[in-house]
Amino acid sequence: MDLVQLEIFKAVAEQGSISAAAQLIHRVPSNLTTRIKQLEQDLGVELFIREKSRLRLSPAGWNFLGYTRRILDLVQEARATVAGEEPQGAFALGSLESTAAVRIPALLAAYNQKHTKVELDLSTGPSGTMIEGVLSGRLTAAFVDGPVLHSTLEGVAVFEEEMVVIAPLHHAPITRGQEVNGENIYTFRSNCSYRHHFERWFSQDGAVPGKIFEIESYHGMLACVSAGAGVALMPRSMLESMPGFAAVSVWPLTESFRILHTWLIWRRGTVSQSLNSFVKLLEERALVTQ
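Residues numbered from 1 in each chain as written. Predicted model: local features only at pLDDT ≥ 70, side-chain atom pairs only at ≥ 80, totals over all residues. Heavy atoms only, no water.

- By the naming in an unreviewed UniProt entry, the protein is LysR family transcriptional regulator, taken from Pseudomonas tritici.
- Among the UniProt annotations of the protein, the heading Sequence similarities (unreviewed entry) holds the following wording: "Belongs to the LysR transcriptional regulatory family." (UniProt positions renumbered as here; feature names shortened; annotations may be inferred.)

Next comes the structure, spelled out in structure tokens:
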């Protein structure tokens, strides 16, 4: 096994076909086919499920792709470190939608200005999706609802969020779950940590939500709630950043549920100049919670 084989495997895995990968890395398709077969023989497993003209990663292939990405990233970082270079190359960062919208635009602008050779690639989504991205190696780091208790992850707390229930403008006061028992709620997909938090808030008071509507954005939630169709949970900072937030009533959660912390997480042992510089910038701006 060598680095060329790993680069070929990564290209084929991400492109889904030999021909597309060959065009990407400027090699003839027959060479890629041979090197992939050699790699599979060396490992003693099939990395791909072959379907006509396309290739799908096998379960073993998915596992190996995570290691491959980490190995190639380490090699890139090692070369840059030995050469005494500043951070450079791809830096795949994940974030909760609310964090990306409200908390980090100025931070990312400062980082890009300071490290012009870094290609920052930002993805947004629920905590579950972001954590999976870090574990698989697709993301170098991600802002998620924390702390994240996982043996292969580490991180730092960076932001404190006050969580509020939003309801139609003339809704009766909401101080506990029983006061919205059976009401429809608007939330993200099932792997959203804020959704789990909202459901726990209901449950601890012996209440249950009515129908759960999955919405793709906070703006969509705000529009549905302001129309009188149900209630939703979101960070106060996100709510107050949106036009039209005055069209709903706002109710803080009970004390034990009111505050959540956003963490920046990465795989334990990650070697990355880009990540180190990003964490340093967070510390300089006093965003890391001690």
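1. A closer look at unusual backbone geometry
Here comes step 1: Residue Pro-147 is bonded to the preceding Gly-146 through a cis peptide linkage, with omega at 0°.
Here comes step 2: A positive phi is found at His-26, a non-glycine position, where the angle reads about 60°.
Here comes step 3: Counting through the fold element by element, His-26 comes out in the loop between α2 (18-25) and α3 (29-43). (Helix = DSSP H or I, 4+ residues; strand = E, 2+ residues; numbered from the N terminus.)

2. Concerning empty space enclosed by the protein
Empty space left among the atoms is revealed by rolling a probe the size of a water molecule over them.
Here comes step 1: What the rule picks out here adds up to one cavity of 30 Å³ or more.
Here comes step 2: Each pocket or cavity is described by its volume, and for the largest cavity that value is around 50 Å³.
Here comes step 3: If you go around the largest cavity, the residues you meet are Tyr-186, Thr-187, Phe-188, Tyr-194, Phe-198, Tyr-218, Met-221, Ala-232 and Leu-233.
Here comes step 4: Secondary structure elements with two or more residues in the lining of the largest cavity: β7 (185-187), α8 (193-204), α9 (218-226) and β9 (231-235).
Here comes step 5: Residues of the lining of the largest cavity, tallied by class, amount to eight nonpolar, one polar and no charged. (1 Å grid on protein atoms, 1.4 Å probe; cavity = no way out; pocket = protein on both sides within 12 Å on 5 of 7 lines; lining within 4 Å. Points joined across faces, edges and corners; volume = space filled by probe spheres on them. Nonpolar A, V, L, I, M, F, W, Y, C, P; charged D, E, K, R; others polar.)

3. Structural notes on the packing of helix α6 (residues 105-114) against helix α12 (residues 273-284)
Here comes step 1: Relative orientation of the contacting elements α6 and α12 amounts to 125°, with a least axis distance of 11 Å. Judged by the angle between their axes, α6 and α12 are oblique. The hand of the α6/α12 crossing is right-handed. Between α6 and α12, the contacting residues are Leu-107, Leu-108, Ala-110, Tyr-111 and Lys-114 on the first element and Ser-274, Ser-277, Phe-278, Leu-281, Leu-282 and Glu-284 on the second.
Here comes step 2: Among the residues forming the contact of α6 with α12, the class breakdown is seven nonpolar, two polar and two charged. (Axes fitted to C-alpha atoms, helices over the stretch in contact; angles between N-to-C directions. Parallel < 35°, antiparallel > 145°, perpendicular 65-115°, else oblique. Left-handed = near helix turned anticlockwise from the far one by under 90°. Contact = heavy atoms within 4.5 Å.)

4. Section: the nonpolar core
Here comes step 1: Of all hydrophobic cores here, the largest spans 33 residues; its most connected members are Val-165, Ile-166, Phe-198, Trp-201, Tyr-218, Met-221 and Leu-239.
Here comes step 2: The set of elements that each furnish at least two residues to this core consists of β6 (153-168), β7, α8, α9, β9 and α10 (236-239).
Here comes step 3: No other element matches β6, which puts five residues into this core.
Here comes step 4: Residues in contact with Val-165, not counting those within four places in the same chain, are Ile-174, Phe-198, Trp-201, Val-231, Ala-232, Leu-233, Ser-249, Val-250, Trp-251 and Leu-253.
Here comes step 5: Membership of the second largest hydrophobic core comes to 22 residues, among which are Ile-104, Leu-107, Val-156 and Trp-266. (Core = buried A, V, L, I, M, F, W, Y, C linked by side-chain atoms within 4.5 Å. Buried < 20%, exposed > 50% of the residue type's maximum accessible area, 1.4 Å probe, protein only.)

5. Looking at the layout of surface pockets
Here comes step 1: Taken as a whole, the largest pocket encloses approximately 630 Å³ of empty space.
Here comes step 2: Around the largest pocket sit 26 residues that line it, and Arg-69, Asp-73, Gly-137, Leu-139 and Thr-140 are the ones nearest its centre.
Here comes step 3: Secondary-structure elements contributing two or more residues to the lining of the largest pocket are α1 (3-15), α4 (59-82), β3 (89-95) and β4 (118-124).
Here comes step 4: The leading source of residues in the lining of the largest pocket is α4, at six residues.
Here comes step 5: Split by residue class, the lining of the largest pocket holds seven nonpolar, nine polar and ten charged.
Here comes step 6: Its volume calculated, the second largest pocket comes out at about 350 Å³.
Here comes step 7: Contributing to the lining of the second largest pocket are 13 residues, with Glu-7, Lys-10, Leu-72, Asp-73 and Gln-76 lying nearest its centre.

6. Thoughts on the pattern of salt bridges
Here comes step 1: Tallying each qualifying case throughout the model produces 15 salt bridges.
Here comes step 2: Between Arg-69 and Glu-14 there is a salt bridge, and its shortest N-O distance comes to 3.2 Å. Taken together, the residues Arg-69 in helix α4 and Glu-14 in helix α1 connect sequence positions 55 residues apart.
Here comes step 3: The exposure class of Arg-69 is buried, given its relative accessible area of 14%.
Here comes step 4: Note that Arg-50 and Glu-40 form a salt bridge whose closest N and O atoms lie 2.9 Å from each other. Of the two residues, Arg-50 sits in strand β1 (residues 48-51) while Glu-40 sits in helix α3, which places them ten residues apart along the sequence.
Here comes step 5: For Arg-50, a relative accessible area of 43% puts it in the partly exposed group.
Here comes step 6: Members of the salt-bridge network, linked through shared partners, are Glu-162, Arg-236, Glu-240, Glu-255 and Arg-258. (Salt bridge = Lys/Arg side-chain N within 4 Å of Asp/Glu carboxyl O.)

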